[in-house]
Amino acid sequence: MTIAPVSTGLSGWVWVAVFVGIVALSIGKSYWRSFVQWLQGVRGKDWPTMQATIDNVSVAEQIESGGKGPPIITYLASLTYFYRNPELQVGDYTREFGGGQKDEAHDWVNSYKNKTVMVHVDPRDPTRSVLTKEEVLRTETPY
């Protein structure tokens, strides 16, 4: 007499959990940078402000596997700024553009080149600063 193994149904749930975890990591990876930038902005809102100048702008193309579909292309637009407190310090701000928006990403960063913005500087550590989304929107010019 042979005894057949009893199926508890857990193996199906394990695969579902693994699938959900992979999807969550893929989505989370895309939004992690935005979340960190938002969190820094929330923490830095109460820090004193000072003038900074955006001196370096760039756009980087990011290509991720689309699984069975076409690759997912996004453009990471970065603004690098400097300020003195009392020594020269550097910070950055990043915005993500979707596929097909390469020209918009370049136009956006170029509209900030050599602009003066207000950044929030950590009074306990002047090397830490935050350029908030609100400040970027305040100084945004149509491109």
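Our structure is the block above this text.
Below, the structure is looked at part by part. All residue numbers here refer to positions counted from 1 along the written sequence of the relevant chain. Side-chain atom pairs in this predicted model are given and counted only at pLDDT of 80 or more, local residue features only at pLDDT of at least 70, and totals for whole chains, interfaces and linings cover all residues. Side-chain numbers here rest on the full set of heavy atoms in the structure, without hydrogens or water.

## Points about the pattern of salt bridges
Keep this limit in mind: Any carboxyl oxygen of Asp or Glu that lies within 4 Å of a side-chain nitrogen of Lys or Arg is treated as forming a salt bridge with it. Only protein chains enter the accessibility calculation, which uses a 1.4 Å probe; a residue whose area is less than 20% of its type maximum is buried, one above 50% is exposed, and one in between is partly exposed.
Applying the stated criterion across every chain yields a total of 2 salt bridges. Two residues, Asp-122 and Arg-124, come together in a salt bridge whose shortest N-O distance is 3.8 Å. The buried category is assigned to Asp-122, whose relative accessible area is 2%. Relative accessible area serves as the criterion here: at 72%, Arg-124 is assigned to the exposed category.

## Observations concerning the nonpolar core
Put simply, the rule reads: Definition used in this section: a nonpolar core is a set of buried Ala, Val, Leu, Ile, Met, Phe, Trp, Tyr and Cys residues joined via side-chain atoms within 4.5 Å. To qualify as a helix, a DSSP run of H or I must reach at least 4 residues; to qualify as a strand, a run of E must reach at least 2; elements of each kind are numbered from the N terminus. Contact between two residues is taken to exist if any of their heavy atoms lie within 4.5 Å; hydrogens are not considered.
If you look at the biggest cluster of nonpolar residues, it comprises 19 residues, and the most contacted ones within it are Ile-54, Leu-79, Tyr-81, Trp-108, Val-119 and Leu-131. Listed by contribution, the elements that provide at least two residues to this core are β1 (49-64), β2 (72-84), β3 (88-97), α2 (102-110) and β4 (116-121). Non-local contacts of Tyr-81, meaning those with residues more than four positions away in its chain, are made with Ala-52, Thr-53, Ile-54, Asp-55, Gln-89, Val-90, Gly-91, Asp-92, Val-119, Ser-129, Val-130 and Leu-131.

## Here we look at the side chain of Gln-89
Mapped onto the fold, Gln-89 is located in strand β3. If near-sequence neighbours (up to four positions away) are discounted, Gln-89 is found in contact with Tyr-81, Phe-82, Tyr-83, Pro-126 and Thr-127.

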